[in-house]
Amino acid sequence: MTALTVTAASATTVSADWLVVGVTQGAEGPVPALGTDPAGALGSGLARLLAGLGATGAEGEAIKLPAPHGIRAELLLAVGLGPAGDGTAHDAETLRRAAGVAARTLAGAATAALALPAATAGAVEATALGVLLGAYAFTPYRTTAAARPLRAATILVAPGTQDRAEAALRRARTLGEEVNRARDLINTPANDLYPDSFATAVAAAARSHGATVDVSDEAALAASGFGGLLGVGQGSVRPPRLVRLAHRHADATTTLAFVGKGITYDSGGISLKPVGANEIMKRDMSGAAAVCAAVLAARRLDLPVNVTGWLALAENMPSGSALRPGDVLRMYGGRTVEVLNTDAEGRLVLADALVRASEERPDALVDVATLTAATRFGLGDHVYAVMGDDGLREQVLAAAREAGEDAWPMPLPPQLRAGLRSRVADLSNYGARMGGGLVAGLFLREFVPAGVPWAHLDIAGPAFNEGPPHGYTPEGGTGCAVRTLVRLAENAATGSGGGRSALLPAFREGEGR
């Protein structure tokens, strides 16, 4: 991972192979946005040079050129920041994306100094996180030499702000490492990442950071009646697992529970997916990867909030022992579900885990899953859906905005619940095709008891990038929702030590359900 430091040196005197500067779109051409060139000596000449090269300052633009006279660095990279605005500040997400573009563009370089407009601790953190996420590459399976990530980067900050900048850098390192952990898990092929190996990797990470972990194997799941997990996993030679990962803090007064869908490979089961839909189905454990990374981040940041992660891990395969359409499962807690579509398996493993997580009566319960193609069709590949109880749903959306992730509220229309009626069981796992993402949310709500605030994140679109990299987003696994969950935990922690968290107002029995 790229080594990160901060320095109060100026853009003209800092020692590095590359100097990275931001450029905005001005009314009359590109405008350098330099955080450490107060005299403007560099900016005026650079603006003319960039204009002559055809630069515009558009977001995502990256232009390499020899450094102008008077700059110690030999080479210069100008990255676009988009519209100039009032010229005094740039939002965190713009800085994250620009730093990510810089890190990707400079893959293989030794050192870079980022003279982006990072005037506050938050801006420093955003820039650092953008570098760490943008420099990510998944290379364990490559036998030929690949360009190594940018080796080291230093962020230019104003004199007298280094202590605050160092603290921001520490949080960025933790968050970047955990998002990249999730990405590594998602990108690992299913022949190497399956329920048991996934659980083993989580247990090792938990031990290294002092979190507690408990893994239930197939025998323990059978003894406790986890019919959803066992049913989905029964077609595979690799049996399911349920992982409980927990961070506890002595000063915490709030407890959050995160539940992640962990289908390590989803063939669709007997309801086999068509050709063209199977190739990226190793990604179907992205929710569990996000939950794992978020709990570990909460632990490493020592947040004064209790966070428990539940990873529902199974492999959905067709075989002579596989779950059949028409089979009835007895879920954890006793309810019965008629399986009409074995490719609607994620909701079955989540249902078991939701019931189990609810038994500990958390102050809030959030599940994360690559659950439905319907949500992806509706929101595309850059925005995830949030459903659930109104209050918690809004708090999750606020956390997503603060973290720089794009999320959108979706309803749970009660009239769609009728489609989940079963002729033989308490309910079926598949309902109306139109609004299928909402139907899936309604199914999950059936397994959350009244009195437990609940939100559902369907990350089917942004969890895996099938297109070219952009900003700080690589090809493949993105680590979507990790930052939202960590921010939600941080917001919950702000009320700890002084009574119930301000994040989670008193939740009336049965409200919203």
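In the block above lies the structure referred to throughout.
Residues numbered from 1 in each chain as written. Predicted model: local features only at pLDDT ≥ 70, side-chain atom pairs only at ≥ 80, totals over all residues. Heavy atoms only, no water.

Asker: Give me the overall build of the protein chain: which residues, what numbers.
Answerer: Helix and strand counts for the protein chain stand at 13 helices and 20 strands. Computed over the C-alpha atoms, the radius of gyration of the protein chain is 24 Å, within 12% of the 24 Å expected from 2.2 N^0.38 for a compact globule of 513 residues. Dimensions of the protein chain, computed from the C-alpha atoms along their principal axes, are close to 80 × 55 × 45 Å. Counting over 513 residues, the protein chain shows a buried share of 58%. For the protein chain, long-range pairs separated by at least 24 residues make up 77% of all intrachain contacts whose partners lie at least 6 apart in sequence. Of the roughly 19,800 Å² of accessible surface on the protein chain, 52% is carried by carbon and sulfur atoms. (Helix = DSSP H or I, 4+ residues; strand = E, 2+ residues; numbered from the N terminus. Rg over C-alpha atoms; globule rule 2.2 N^0.38 Å. Buried < 20%, exposed > 50% of the residue type's maximum accessible area, 1.4 Å probe, protein only. Contact = heavy atoms within 4.5 Å. Areas by Shrake-Rupley, 256 points an atom, 1.4 Å probe, with all protein chains shown as cover.)

Asker: Can you tell me about the packing of helix H11 (residues 390-403) against helix H13 (residues 482-493), naming the residues and giving the values?
Answerer: Remark: H11 packs on H13, axes separated minimally by 8 Å, with the N-to-C direction vectors making an angle of 110°. Regarding the angle of H11 to H13, the classification is roughly perpendicular. Relative to H13, the crossing made by H11 is right-handed. Residue-level inspection shows Gln395, Val396, Ala399, Ala400, Glu402 and Ala403 of H11 in contact with H13, the latter providing Arg483, Thr484, Arg487, Leu488 and Asn491. Of the residues contributing to the contact of H11 with H13, the split by class is five nonpolar, three polar and three charged. (Axes fitted to C-alpha atoms, helices over the stretch in contact; angles between N-to-C directions. Parallel < 35°, antiparallel > 145°, perpendicular 65-115°, else oblique. Left-handed = near helix turned anticlockwise from the far one by under 90°. Nonpolar A, V, L, I, M, F, W, Y, C, P; charged D, E, K, R; others polar.)

Asker: Outline the layout of surface pockets, supporting the account with residue identities and numerical values.
Answerer: Each pocket or cavity is described by its volume, and for the largest pocket that value is around 910 Å³. For the lining of the largest pocket, the secondary-structure elements that each account for two or more residues are strand S10 (255-266), helix H9 (346-358), helix H10 (373-379) and helix H12 (436-445). If one sorts the elements of the lining of the largest pocket by residue count, H10 sits on top with four residues. Of the residues that constitute the lining of the largest pocket, the class distribution is 15 nonpolar, 10 polar and 12 charged. Here the second largest pocket is characterised by a volume of approximately 550 Å³. Across the lining of the second largest pocket, the residue classes tally to 14 nonpolar, four polar and five charged. (1 Å grid on protein atoms, 1.4 Å probe; cavity = no way out; pocket = protein on both sides within 12 Å on 5 of 7 lines; lining within 4 Å. Points joined across faces, edges and corners; volume = space filled by probe spheres on them.)

Asker: Requested: an account of the packing of aromatic side chains, with residues and values cited.
Answerer: Applying the stated rule across the entire model yields three aromatic pairs. Plain terms: the ring middles of phenylalanine 138 and tyrosine 141 are 6.0 Å apart, the flat faces sit at 40° to each other, and that makes the pair tilted. With a centroid separation of 4.2 Å and 10° between ring planes, the pair formed by phenylalanine 226 and tyrosine 332 is classed as stacked. Residue phenylalanine 226 is found in the loop between helix H6 (218-224) and helix H7 (227-233), and its partner tyrosine 332 is found in the loop between strand S12 (328-330) and strand S13 (336-338); the two are separated by 106 residues along the sequence. A single burial state applies to phenylalanine 226 and to tyrosine 332, both of which are buried. The lysine or arginine in question, arginine 183, covers the ring of tyrosine 136, its NZ or CZ lying 5.3 Å from the ring centre. The ring of tyrosine 194 has arginine 238 sitting right over it, with the charged end atom 4.3 Å from the ring centre. (Phe/Tyr/Trp six-rings, centres within 6.5 Å; stacked < 30°, edge-to-face > 60°. Lys NZ or Arg CZ within 6 Å of the ring centre and 35° of its normal.)

Asker: Tell me about unusual backbone geometry, and please be specific about residues and values.
Answerer: Residues other than glycine seldom take positive phi values, yet aspartate 302 does so here, at roughly 55°. Locating aspartate 302 in the fold gives a position in the loop between helix H8 (286-300) and strand S11 (306-316). Given the relative accessible area of 45%, aspartate 302 is considered partly exposed. Backbone geometry at arginine 361 places phi at a positive 50°, although glycine is not the residue there. Among the secondary structure elements, arginine 361 is positioned in the loop between H9 and strand S14 (364-369). Judged by relative accessible area, arginine 361 falls into the partly exposed class, the value being 46%.

Asker: Report on the nonpolar core, specifying residues and quantitative values.
Answerer: In this structure, Phe198, Phe258, Leu311, Val366 and Leu457 are the most contacted members of the largest nonpolar core, which totals 100 residues. Among the elements that make up this core, the one with the highest residue count is H8 (11 residues). Contacts of leucine 311, omitting those with residues within four sequence positions, involve Phe198, Val202, Arg241, Leu242, Val243, Gly260, Ala288, Val291 and Cys292. Counting residues in hydrophobic clusters, the runner-up holds 44 residues, among them Leu348, Leu350, Ala385 and Phe443. (Core = buried A, V, L, I, M, F, W, Y, C linked by side-chain atoms within 4.5 Å.)

Asker: Can you lay out the state of the cysteines for me, pointing to particular residues and giving the numbers?
Answerer: In the structure shown here, the tally under the stated rule is zero disulfides. You can see cysteine 292 has no disulfide; the closest cysteine sulfur is in cysteine 480, sitting 16 Å from it. By relative accessible area, cysteine 480 is classed as buried at 9%. (Disulfide = S-S within 2.5 Å.)

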